Amino acid sequence: MSRTAERQISFADWELMRQGLRLEPLLQTISAFLDRQKDMIEQIQRDLTRGLKRAGTGRNGLTPQQVLRSLVLMRVKNWHYRELRERIADGYTLRQFTDFHCQPVPRHDAFHRGFNRLTPKTLKAINELLVQAAVELKLEDGQKLRVDTTVVQTDIHHPTDNTLLWDVVRVVTRLMGRLAAAMKCRRIKGFRNRTRSARRRMQEIQRMTVRQRQAQQTGKYRTLIGIAETVVEGARTALEDIGKTRGKDLIAEMAIAETRKQIEHFCGLGSRVIDQARRRVLDGEQVANAEKIYSIFEPHTDLIKRGKVQTPIEFGHKVFLAESARGLITQYDVLDGNPVDEQHVIASLQRHKHCFGHAPELYGSDRGFFSEQNVASCQQDGVKVVCIPQRGGSKTPEREAYERSSAFKAGQRFRAGIEGRISVLFRGRGMKRCLAEGRERFELWVAAAVLANNLMKIADLLAHRSSSRKRKVA
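Residues numbered from 1 in each chain as written. Predicted model: local features only at pLDDT ≥ 70, side-chain atom pairs only at ≥ 80, totals over all residues. Heavy atoms only, no water.

Undergrad: Quick rundown of the overall build of the chain? Include the residues and the values.
TA: From N to C terminus, the chain includes 18 helices and seven strands. Considered along the principal axes of its C-alpha atoms, the chain spans approximately 85 × 75 × 35 Å. Counting every position in the chain, which comprises 474 residues, the buried fraction comes to 49%. Restricting the contact set of the chain to residue pairs at least 6 apart, pairs at least 24 apart contribute 71%. Both charge centroids of the chain, one from 84 positive and one from 54 negative side chains, sit 5 Å from each other. (Helix = DSSP H or I, 4+ residues; strand = E, 2+ residues; numbered from the N terminus. Buried < 20%, exposed > 50% of the residue type's maximum accessible area, 1.4 Å probe, protein only. Contact = heavy atoms within 4.5 Å. Lys, Arg positive; Asp, Glu negative; His and termini not counted. Charge placed at Lys NZ, Arg CZ, Asp CG, Glu CD.)

Structure below.
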């Protein structure tokens, strides 16, 4: 059961407060700001009770306040689940921030389950509420906007055909062993363990020199592909043979059904890996990136090429970010594939006008967003300084003079600030590499980092406003 009512403060809590234990100023400002945002709590509550037949019964779970505040704290401090639980349990001020106070702090997996109940749509709506609150508090006026794209990595190893084939063999074999254990038998009849031979072929390919690959690689791959095919087909045949087998009790029955489902899932991915390895290595075919699979654990992963010298190829998802002058991320999107940057300009302008009621006076981006249509659209929407450098081609004298103007150069200096924001999201908010599994949780990971960034910036702006008022009074 997810509790909705605010917890009553105990005598122990009052005594600790009386002794002067207070949050650090930044967390105190975030806490006071969240106390006023009742709409966010309602959004969280709907996700926590989604799909429950009787949400008001059962053992007490985490409250919406605890889920939201713990998620914010986890991303602000860039902690993992175990460290989050240990830090909250160890310090009263963090108990106060996360609304636990003197209550027992649950295990780390309770936080994991609570966070995974949230949806990307809910966190995006909460981020929009944050931006609206900043506008109402007059912390942001939306006069400037800078945009950029970056790549957030998925948690996979560098994909090669041989390692992907090895992943298929070892995972399917491991699951077949788990199925045999659930059925209380020594092994599944008709299925053969081929992990040793697959590992040897994989390691032989990995250790080849460039010269050896030209002469020996094809034969080794043919053997490894044959082993992977044998394992996948053997697993499918075994599942058909034991299709009517039942467990001895309800728990065993559920374990067998879940394991069968996982085996079928990885056999399907394994067939794709085998097909692309045969086409690429044996047939010499150029397989399109959209048809490739780069991980059987994160099959949604995209291959991204952005022309970067240090990272020519990246595996993950492209993310679009739009930032205001005060450091608030007003827009973000997790993109599919590797779309060109120039297609985001018009859409980002429309969303900015919907949020602030007007177009920005300055729109800044790098040259990847340039097109004549984008520049014309910005001017038609009322953008005074369209700070998008021209990409390719010879510049007209008018364009050359415009890009040499002081307003354009100042806009480009402003645009460069989003690179620092991306660095903060990567280093300080844990957005560089998503450790969660699945596309939906990937979007949750990005949304949580953006949420933590916006709350930190709002707290900074509120603290700065408060100190400015105190100086004026003095």
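Undergrad: Give a description of the packing of helix H2 (residues 25-35) against helix H4 (residues 64-77) that names residues and reports values.
TA: Remark: H2 packs on H4, axes separated minimally by 12 Å, with the N-to-C direction vectors making an angle of 150°. Considering the angle they form, H2 stands roughly antiparallel to H4. Judged by the sense of rotation from one axis to the other, the crossing of H2 with H4 is right-handed. Judged by residue contacts, Leu27, Ser31, Leu34 and Asp35 of H2 engage Leu68, Arg69 and Leu73 from H4. Split by residue class, the contact of H2 with H4 holds four nonpolar, one polar and two charged. (Axes fitted to C-alpha atoms, helices over the stretch in contact; angles between N-to-C directions. Parallel < 35°, antiparallel > 145°, perpendicular 65-115°, else oblique. Left-handed = near helix turned anticlockwise from the far one by under 90°. Nonpolar A, V, L, I, M, F, W, Y, C, P; charged D, E, K, R; others polar.)

Undergrad: Pulling in residues and values, what's your account of unusual backbone geometry?
TA: Non-glycine residue aspartate 99 carries a positive phi angle of around 70°. For aspartate 99, the position within the fold is in the loop between helix H6 (92-97) and helix H7 (108-116). Classification of aspartate 99 as buried rests on a relative accessible area of 18%.

Undergrad: Can you explain helix H3 (residues 38-48)? Please cite residues and give values.
TA: Taken as a whole, H3 has its buried residues at Met40, Ile41, Gln43, Ile44, Gln45, Asp47 and Leu48. Buried residues along H3 sit against H2, H4, H7 and helix H8 (120-136).

Undergrad: Mind laying out the pairing of strand S4 (residues 329-334), listing which residues take part and the relevant values?
TA: Counting buried positions over the six residues of S4 gives five, a clear majority of the element. The loop that links strand S3 (residues 314-324) with its antiparallel partner S4 comprises four residues; one of these, glycine 327, has a positive phi angle of about 90°. (Pairing = 2+ DSSP bridges.)

Undergrad: So what's going on with the packing of helix H9 (residues 161-182) against helix H10 (residues 195-206)? Residues and values would help.
TA: Relative placement of two packed helices is described by the angle separating their axes and the distance separating the axes. With their axes 10 Å apart at the nearest point, H9 and H10 run at an angle of 165° to one another. Compared by their axis directions, H9 and H10 come out roughly antiparallel. When the axes of H9 and H10 are compared, the crossing they make is left-handed. Where H9 approaches H10, its residues Asn162, Thr163, Trp166, Val169, Arg170 and Thr173 are matched on the opposing element by Thr195, Ala198, Arg199, Met202, Ile205 and Gln206. Across the contact of H9 with H10, the residue classes tally to five nonpolar, five polar and two charged.

Undergrad: I'd like a rundown of the pattern of salt bridges, residues and numbers included.
TA: Taken as a whole and assessed by the stated rule, the structure comprises 31 salt bridges. Between glutamate 229 and arginine 278 there is a salt bridge; the shortest N-O distance is 2.6 Å. Taken together, the residues span a long stretch of sequence, with glutamate 229 in helix H11 (residues 210-241) and arginine 278 in helix H12 (residues 250-282) at a distance of 49 residues. We note a salt bridge from lysine 318 to aspartate 341, for which the minimum N-O separation is 3.2 Å. Here the residue lysine 318 occupies a position in strand S3, and aspartate 341 occupies one in the loop between S4 and helix H13 (345-356), the gap between them amounting to 23 residues. Bridged by salt links that share partners, the residues Asp275, Arg279, Glu285 and Glu291 form one connected network. (Salt bridge = Lys/Arg side-chain N within 4 Å of Asp/Glu carboxyl O.)

That is the geometry; function is a separate question.
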